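Spelled out, the chains give:
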Amino acid sequence: MSAIDPVLLFFLLGLAAGLLRSELRLPAAVYELVSMLLLLSIGLKGGIELAKQPFGDLALQALAVMAMGVLLPLVAFPVLRFMGRLPRADAASVAAHYGSVSVGTYAVATSYFASRQIDFESHMPFLLAVLEIPAILVGILLARGFSRGMRIGTVAHEVFLGKGIVLLVGGLLIGWAAGPEGLTSVKPLFFDLFKGILALFLLEMGLITAAQFGSLRRYGLFLVLFGIGMPLFSSVVGIALGYGLGLSLGGTAMLAILAASASYIAVPAAMRISVPEANPTLSFAASLGVTFPFNVLVGIPLYHAMAMQAFALTGG
């Protein structure tokens, strides 16, 4: 049995420190810098490989992934609304989080795959960026409907020009334009130190996760069950889509991980502008208090095993 990845130990350290009410805190400016470096690193790596891909294949995959980003919040919304009895705005907001994607979870997955020498399609950062957007739009429509007061321009600005999308897409374009030779000078920072950056990010995520446990106590068992059950369902959708698109075993597992993750960066910002009456504590309690730790500790190897089983059963 392989030893636990040290980056996960940083997450557990932050979680334990938060639960024990330690004074440990990552300064806001440091967390901001670490987040930016993480997004740019993922974008640059994906951009290098993006130039090698035929555009037609990428377009088909992007459309399919966007369709998945529409489907997942539409499935989550009635569960939250009628089984969880959440108000319409809260159900729509949480559903949008679970149709979008967690860059942090993807970063942990890349580390997990690399340590086990599991290959996957190198343009996954492109699909990650594509998956950020549809669920936000669906969530706003579920909460608002088509109303004249939607402030479409403001929403579009937040969705397409939010910090996460700009850094990720910007990194993709820089990597695509510069190529591996052009990025040699910045390789030590963005590539060689990737796991160290990820470790600091997960330390802070552990602290944030611990802060959400109080909300889980207030809102009961439903969010816990939803925060585990919805990713399991979404991972099956991701596996089916990856297999249907002809992705490799590793790529199919990675698409399942993307589908099973829940946003806590892009979607909260967009929902704050477009659906201000939604309670953000509910979304953070579910996505950060339950789904993120479940995915990084249990889900990633589980989804990989599920993809392996699917390929074995179908002869893929």
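Up top is the structure these notes are about.
First, a word on scope: everything that follows refers to the structure included in this document. None of these values were measured; they are calculated from a predicted model.

A few points about helix α7 (residues 134-144)
In an α-helix there are 3.6 residues to a turn, and that puts residues three or four apart on one side. Counting buried residues in α7 gives eight out of eleven residues, a clear majority hidden from the surface. Along α7, the residues that are buried comprise P134, A135, I136, V138, G139, I140, L142 and A143. A positive phi of about 75° marks G145, the residue just after α7.

Details of empty space enclosed by the protein
Summed over the entire model, instances satisfying the criterion amount to one cavity of 30 Å³ or more. Size it by volume and the largest cavity reaches roughly 30 Å³. Partitioning the lining of the largest cavity into residue classes produces five nonpolar, three polar and one charged.

A closer look at the packing of aromatic side chains
Within the structure shown, the criterion is met by seven aromatic pairs. Their ring planes at 55° and their centres at 5.8 Å tell us that Y112 and F113 sit as a pair that is tilted. Per residue, the accessibility class of Y112 equals that of F113, and both read buried. For the ring pair F113 and F120, a centre distance of 5.6 Å and an interplane angle of 75° mean the geometry is edge-to-face. Residue classification places F113 among the buried residues on the basis of a relative accessible area of 0%.

Things to note about unusual backbone geometry
You will see that R21, though not glycine, has its phi angle at about 60°, which is positive. Position of R21 among the secondary structure elements: in the loop between α1 (6-19) and α2 (28-50). Among the residues examined, R21 registers a relative accessible area of 75% and is labelled exposed.

What about the packing of helix α13 (residues 249-260) against helix α15 (residues 280-314)?
Running from amino to carboxyl end, α13 crosses α15 at an angle of 145°, the nearest separation of the two axes being 9 Å. As for how α13 packs across α15, the hand of that crossing is right-handed. Facing L249, T252, A253, A256, I257 and A260 of α13, the residues of α15 in contact are T291, N295, I300, Y303, H304, A307, M308 and F311. Partitioning the contact of α13 with α15 into residue classes produces ten nonpolar, four polar and no charged.

Rules of the game
Residues numbered from 1 in each chain as written. Predicted model: local features only at pLDDT ≥ 70, side-chain atom pairs only at ≥ 80, totals over all residues. Heavy atoms only, no water. Buried < 20%, exposed > 50% of the residue type's maximum accessible area, 1.4 Å probe, protein only. Helix = DSSP H or I, 4+ residues; strand = E, 2+ residues; numbered from the N terminus. 1 Å grid on protein atoms, 1.4 Å probe; cavity = no way out; pocket = protein on both sides within 12 Å on 5 of 7 lines; lining within 4 Å. Points joined across faces, edges and corners; volume = space filled by probe spheres on them. Nonpolar A, V, L, I, M, F, W, Y, C, P; charged D, E, K, R; others polar. Phe/Tyr/Trp six-rings, centres within 6.5 Å; stacked < 30°, edge-to-face > 60°. Axes fitted to C-alpha atoms, helices over the stretch in contact; angles between N-to-C directions. Left-handed = near helix turned anticlockwise from the far one by under 90°. Contact = heavy atoms within 4.5 Å.

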